[in-house]
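# Structural overview
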Amino acid sequence: MSTATASKTSTAPAEKPKRPFNWGSLRTYISAVIILIWCLAPFYWMLVTAFRDVGYTFDTTPFFTHITWDNFATVFDESLGNHFGRNLLNSLIVGAVTTVVALLVGVFAAYALARLNFRFKFVVLGFILGASMFPGVALVTPLFQLFTNIGWFGTYQALIIPNISFVLPLTVYTLTSFFREMPWELEEAARIDGCTQGQAFRKVILPLAAPATFTTAILAFIASWNEFLIASQLSNDSTKTVTVAIAYFAGAQPHQEPYTAVMAAGTVVTIPLVILVLVFQRKIVAGLTAGAVK
Amino acid sequence: MKSKKFLLPAAVAGVLALSLTACGGGGGGGGTSSGGASGDAANNLDGRGPITYVQGKDNSNVVRPLIEKWNAAHPDEKVTFKEQSDQADQQHDDLVQNFQAKNANYDVMSVDLIWVAEFAAKGWLQPLKDKTAISTDGMLESTVKSATYNNTLYAAPQSSDGGILYYRSDLVTTPPKTWDEMMKMCDIAKQNNIGCYAGQFQKYEGLTVNAAEAINSAGGKIVDDSGKAAVNSAEAKAGLNNLVQAYKDGNIPTEAITFQEEQGRQAFEAGKLLFLRNWPYVYNLAKTDGSSTVKDTFKMAPLPGKDGPGASSLGGHNIAMSVYSKNKATVADFIKFITSEETQRFYATQGSLAPVLTKLYDDQELVTKLPYLPVLKTSIENAVPRPVTPFYPAVTKAVQDNAYAALKGEKTVDSAISDMQAAIESAGAK
Amino acid sequence: MSTELQKPDATATAGHTMPSRESADRKQLTQGRWAYTLLAPSLILLAVVIIYPVLNAIIMSFQKDSGLDPATGFFSEGGPAGFENYTHWLLQQCTAPGGGSVACPPGTLGAQFWDSMGTTFFFTVVTVAFETVLGFWMAIIMARAFRGRSLIRAAVLVPWAIPTAVTAKLWFFIFAFEGIANKLFGTQILWTGSEWPAKWAIIIADVWKTTPFMALLILAGLQLIPDEVYEAAKVDGASTWQRFRLITLPLVKPALMVAILFRVLDALRMYDLPAIMTQGANGTTTLSILVVQQIRQGFNTAAALSTITFLVIFLVAFIFVRFLGANAVDAATSSGKAK
């Protein structure tokens, strides 16, 4: 283990930097390795399966054997009626719009809940949670009828609006809790220093709120990205999302389970998403927090 | 800031108006249609024009070429293919949603044969008689039976499927004809240190298939011809007891309680089973899979029964016409096209789907390509459709829950069968 | 509670010193109007997707499911049901073949109601407990500055980024008898075929999948704590455990409670994992699975079950928010009642 990394950890900042052996740091690394294994071991198995020849689907050799790209080719094979690129784009559109709208709308609501004084707040809070209380499976049929009646079947909004409602409660609640923890007196202070309310918000509050908002955005985006029930009933061929597309994969014969193709599709869905989140985290959040007062 | 303040309520009003108009048309969604059914069934009988064909995922690219062929010949009555998920449950729910919404764009659909009675009783399927009549001459009798409800044909057999006994030809020279013979051969399995027999025993639809086969093969039945519960008989008990006893004795290996089709195939291909009950699809895969260790050492036989071939549960799909279709004459022609000999042959060669026409099973060219056809013919000729009842979801649940409990030894065969009877009765008692 | 001590009260921060009751009331009135304008878009969006289906379900739950008319062989409308659909579940009463009611026989959905209620709560308590502890630990590690931290942050996202349906298939595959789990550990466990292993298989899969959700929310909460607070505590000689208990925990509590609250609400509606991994066998039938199976048998009875589930979850959420102090909510509410 790299004992040289006498890095300053935020929980143990007061420890002497020149100590020969940093037990705290070693513990951190061991923990990190355990977390890595726990999170990635099943994913590793998914990759192994995704790259395995379909004739060896049930092989349990724990490392890459019978490697092939065939499963990925199947995923994107248009002659089999798979339009996975299109499906990815749809998921991206639905996820992005859902996230942006939910955050925008959620920020208003959270601000009101955290900072304003009004009647029936408890009722409003309860109502907002309501969307997370009804069994999702029981929402599908009424929504299907509602949206087909107004001609929204197969449109993006038929997928986006339910998605927003599903992620809104979490968005509002997390943002509310973070807004309440923020040092709003800094905003006042900035205004006394001559900032307008807008400037105070942009220069002081926004950087502080960025990590929490970003976390909320990730959670909302992934929730929408993973949504299946509504999309399976209300999308058509041109608006079908990836989760639905994966459910449509089939083995070459009836009864044959398309494990390898499903795992390949799962990989195609997961890796870009993780990269996307990382890039956003680096570029945007780092940029925003750079000037933070912390 | 100011302008926003006024914009918001406007947006509120807009969305509210939208949702209100929507509520007006919403309707109950209960999905009944006693009165309306005859009305819808009498409409658009001569309608011709473009139609939509709905089917689960097109596994082996059979549907698209067929539809292209049809469209080339019928430029004014083109068929659009609406593909559904690969999962049977999801296909079922999707069809129900669209029937409830009286969607005229779901004209003709492939339905798993266990859904026919339910959809027919709900009034969603067009009876295939009079102007929309389809001839069933030359079709396997059991497949026609699976498409019939209340003595009326509500769908046309489209593709069939039946259980087959796969056995290790290097260890067993003559396959067992009866269940008892097979159990006796289990000693061979013990000597070779492998499992003897497995089917599909996880608690899912496959268990209903296997339990029904055991019960039917022993001379019992689950529901009678009028759809009433009739499982409480000595024969049914004996049938279920065959499975339960075999599991207890270890002739069915312990892990088989976790088997669906694919896990059974895996175990058989790995050389861990002497006998396997499965569908015809296993044949090609066990011959070609890289990981298969039994490529040249297995053969097929009809399922063993009490005194001769057993009663397989029938699998497969039927093709049905929606009562809400606007172009029923076109749909009827399309159904005839799908059930034609030419299409059935194409199904078999391109998609390994078992045909519904009897004579194709003796067709030399097909048999060369699909060597399991003769065995499958015996299987399907002796096959019993799974209970034909509009309460199928409740019936299959009753069978699965109780058969599973009996297999695991949580209840006796006697009480499993009488609970099964009571649960099926309760399903129809509303 | 302790947050209130550490942090200035919200109403005070907002800078409303209230000279008299009257002006406070007026203030609340104008703030109220402004607040509802801000809340309107959220409430409308939720209303479309929630109110209509819920009202729809409640109305339907008082209708009988269509019954088969033996004369025609077709289903016919069931008519009003009163509370029959509710007693069907709560008292496990089924219609007897000749009319009247009997206890639901084994193998019907009605007979499973209380079992699946128990299963649902069991899964909820166990999974959320594991997820909280693991998530906290992961968040603390991720909050530390060390080389490779971004790798960990990426890795933690992976389980959560895989679509649930794929996750369920993956674990089903892993926990097959001849699967990789038994092979790696040299065991012969019937993961999906026996009572406790089946439960644990589902718990493991669920914890794996959703711990990142907890970890990320807690991490966001941790990042709001200024380093100086810890340094000051260290100077005062507080031990690691004391620092955790007295600083970290109270300051993260709002974020933590929100995370737990939403995990509880989600876990109470768990569907995909047990549906795909065990199909509800071996005591893994959750309320949502029961709802889905019942929808296929009769929509109105399913509506009653959905409504019951809704009420149960509502009750849990209410208790959570009111008595266990989902802090963000709690504090926000108390400031709502004019002090």
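Sequence order as written defines the numbering, with residues in each chain counted from 1. All chains are assigned letters beginning with A, and all ligands numbers beginning with 1, in the order in which they are written. Totals for whole chains, interfaces and linings use all residues, but because this is a predicted model, local features are given only for residues with pLDDT of at least 70 and pairs of side-chain atoms are given and counted only at 80 or more.

### Some details on the overall build of chain A
Spelled out, the test is: Per the convention used, a helix needs a DSSP run of H or I reaching at least four residues, while a strand needs a run of E reaching at least two, with both numbered from the N terminus. The burial label depends on the number of other C-beta atoms within 10 Å of a residue's C-beta. Counts of 20 or more mean buried, 12 or fewer mean exposed, and intermediate counts mean partly exposed, with C-beta atoms placed from the backbone. Contacts here follow a simple rule: the backbone-placed C-beta atoms of the two residues must lie within 7 Å.
Helix and strand counts for chain A stand at eleven helices and zero strands. Starting at the N terminus and ending at the C terminus, chain A contains elements arranged as α-α-α-α-α-α-α-α-α-α-α. Among the 294 residues that make up chain A, the fraction classed as buried is 53%. Partitioning the intrachain contacts of chain A with sequence separation of at least 6 by distance along the chain shows that 68% fall at a separation of at least 24.

### Looking at the confidence of the model for chain B
Going by this rule: A residue's pLDDT is simply how confident the predictor is in it, with values from 0 to 100.
Residues with a pLDDT of 70 or more make up 91% of chain B, whose mean pLDDT is 88. Reported confidence for the predicted complex is 0.83 by ipTM and 0.86 by pTM.

### Looking at the interface of chain C and chain A
At the interface, 96 residues of chain C touch 95 residues of chain A. When residues in the side of chain C that touches chain A are grouped by element, the largest group, 22 residues, is from helix H3 (residues 21-60) of chain C.

### Let's talk about the pairing of strand E9 (residues 273-278) of chain B
All names here are of chain B. Note the cut-off: Pairs of strands are assigned from DSSP output, requiring at least two bridges between the strands.
Within E9, six of the six residues are buried, which leaves it mostly tucked inside the rest of the structure. Bridging between strand E7 (residues 164-168) and E9 involves four bridges; their strand directions are antiparallel. Residue pairing for E9: Ile-164 is matched across the bridge by Asn-278. Bridge analysis of strand E8 (residues 195-198) against E9 gives three bridges, and the strand direction is parallel. Within E9, the position partnered with Ala-198 by the bridge is Leu-276.

### Details of the domain arrangement of chain B
All names here are of chain B. Worth spelling out the cut-off: Each domain span listed reflects an automatic or database assignment of domains.
Entries for chain B in the domain assignment read domain 1 (43-161 + 315-381) and domain 2 (162-313 + 388-428). Taking only C-alpha atoms into account, the centre of domain 1 sits 28 Å from that of domain 2. Looking at the side of domain 1 that touches domain 2, the elements that each hand over two or more residues are helix H5 (116-121), strand E6 (156-162) and helix H16 (373-381).

### Points about the sheet that holds E6(B)
Residues and elements named next belong to chain B. Note the threshold: As a rule, the C-alpha atoms of each element are fitted with a line to give its axis, helices using only the stretch in contact, and angles between N-to-C directions run from 0 to 180 degrees.
Pairing is mixed in the open sheet, where five strands are placed in the order E2-E1-E3-E11-E6. Strands with a single pairing partner mark the edges of an open sheet, and in this sheet they are strand E2 (79-83) and E6. Averaged over all pairs of adjacent strands, the angle between their axes in this sheet comes to 20 degrees, without regard to strand direction. For strand E1 (residues 51-55) and strand E3 (residues 108-112), the ladder comprises two bridges, and the chain directions are parallel. Residue pairing across strands places Val-54 opposite Met-109, the latter belonging to E3.

### Looking at the domain arrangement of chain A
Residues and elements named next belong to chain A. As a reminder, the rule being used: Any residue that is not Ala, Val, Leu, Ile, Met, Phe, Trp, Tyr, Cys, Pro, Asp, Glu, Lys or Arg is counted as polar, Gly included; the first ten are nonpolar and the last four charged.
Examined at the domain level, chain A breaks down into domain 1 (23-68) and domain 2 (82-290). Between domain 1 and domain 2, the C-alpha centre-to-centre distance is 29 Å. Each partner contributes residues to the interface: domain 1 has seven residues there, and domain 2 has six residues. Tallied by class, the residues present in the side of domain 1 that touches domain 2 amount to four nonpolar, two polar and one charged.

### Overview of unusual backbone geometry
Notably, A:His66 is not glycine yet its phi reads approximately 50 degrees, a positive angle. When you line up the elements, A:His66 lands in the loop between helix H1 (23-50) and helix H2 (70-75). We note that B:Asn151 has phi near 65 degrees; this positive angle belongs to a residue other than glycine. With respect to the helices, strands and loops of the structure, B:Asn151 is situated in the loop between strand E4 (148-149) and strand E5 (152-153). Residue classification places B:Asn151 among the exposed positions, given that 7 C-beta atoms sit within 10 Å.

### Side note on the environment of C:Phe318
Residue position: C:Phe318 is located in helix H14 (residues 299-322). Linking C:Phe318 and C:Ala205, residues 113 residues apart in sequence, is a C-alpha distance of 28 Å.

### Some remarks on the interface of chain B and chain A
A common way to state how big an interface is: give the accessible area lost once the parts meet. Counting residues at the interface gives 31 residues for chain B, matched by 30 residues for chain A. Where the side of chain B that touches chain A is concerned, the elements lending two or more residues are helix H1 (2-26), helix H4 (88-100), helix H11 (261-269) and helix H12 (281-288) of chain B. The class makeup of the residues in the side of chain B that touches chain A is six nonpolar, 17 polar and eight charged.

### A few points about the packing of helix H6 (residues 156-181) of chain A against helix H8 (residues 197-226) of chain A
Residue and element names in this part refer to chain A. For the record, the criterion: Working definition: roughly parallel below 35 degrees, roughly antiparallel above 145 degrees, roughly perpendicular at 65 to 115 degrees, and oblique for all remaining angles. For a crossing to be left-handed, the near helix must be turned anticlockwise from the far one by less than a right angle; the clockwise case is right-handed.
Packing of H6 against H8 leaves a shortest axis separation of 10 Å and a crossing angle of 160 degrees. One way to sum up the angle between H6 and H8 is to call them roughly antiparallel. Like other packed secondary-structure pairs, H6 and H8 cross with a definite hand, here right-handed. Taken together, the residues of H8 that come into contact with H6 (itself represented by Asn-163, Phe-166, Val-167, Leu-170, Thr-171, Thr-174, Leu-175 and Phe-178) are Ala-209, Ala-212, Thr-216, Leu-219, Ala-220, Ala-223 and Ser-224. Each residue belonging to the contact of H6 with H8 can be placed in one class, and the counts come to ten nonpolar, five polar and no charged.

### Side note on helix H17 (residues 392-407) of chain B
Quick reminder of the rule: One less than the residue count of a helix, multiplied by 1.5 Å, gives the span that helix is expected to have.
Over its 16 residues, H17(B) extends 22 Å from the first C-alpha to the last, a length consistent with the 22 Å expected when each residue adds 1.5 Å. Counting buried positions along H17(B) yields 16 of 16 residues, so the element is predominantly enclosed.

### Focus on the nonpolar core
Convention followed: By convention the nonpolar core is taken to be a set of buried residues drawn from Ala, Val, Leu, Ile, Met, Phe, Trp, Tyr and Cys and joined through C-beta atoms within 7 Å.
Counting 320 residues, the largest nonpolar core has A:Ala265, B:Val116, B:Tyr154, B:Leu240, B:Ala320, C:Ile218 and C:Met277 as the members making the most contacts within it. Here this core gets 15 residues from one element, more than from any other, and that element is helix H9 (residues 195-222) of chain C. Once residues within four sequence positions are removed from consideration, B:Tyr154 is found in contact with B:Val116, B:Ala120, B:Leu125, B:Pro127, B:Leu128, B:Ala147, B:Tyr149 and B:Ala320.

### Quick notes on the packing of helix H9 (residues 205-217) of chain B against helix H10 (residues 234-249) of chain B
Residue and element names in this part refer to chain B. With their axes 7 Å apart at the nearest point, H9 and H10 run at an angle of 130 degrees to one another. Taken as axis vectors, H9 and H10 run oblique relative to one another. Both H9 and H10 take part in a crossing whose hand is right-handed. Residues Ala-211, Ala-214, Ile-215 and Ser-217 of H9 pack against Ala-236, Gly-239, Leu-240, Asn-242 and Leu-243 of H10.

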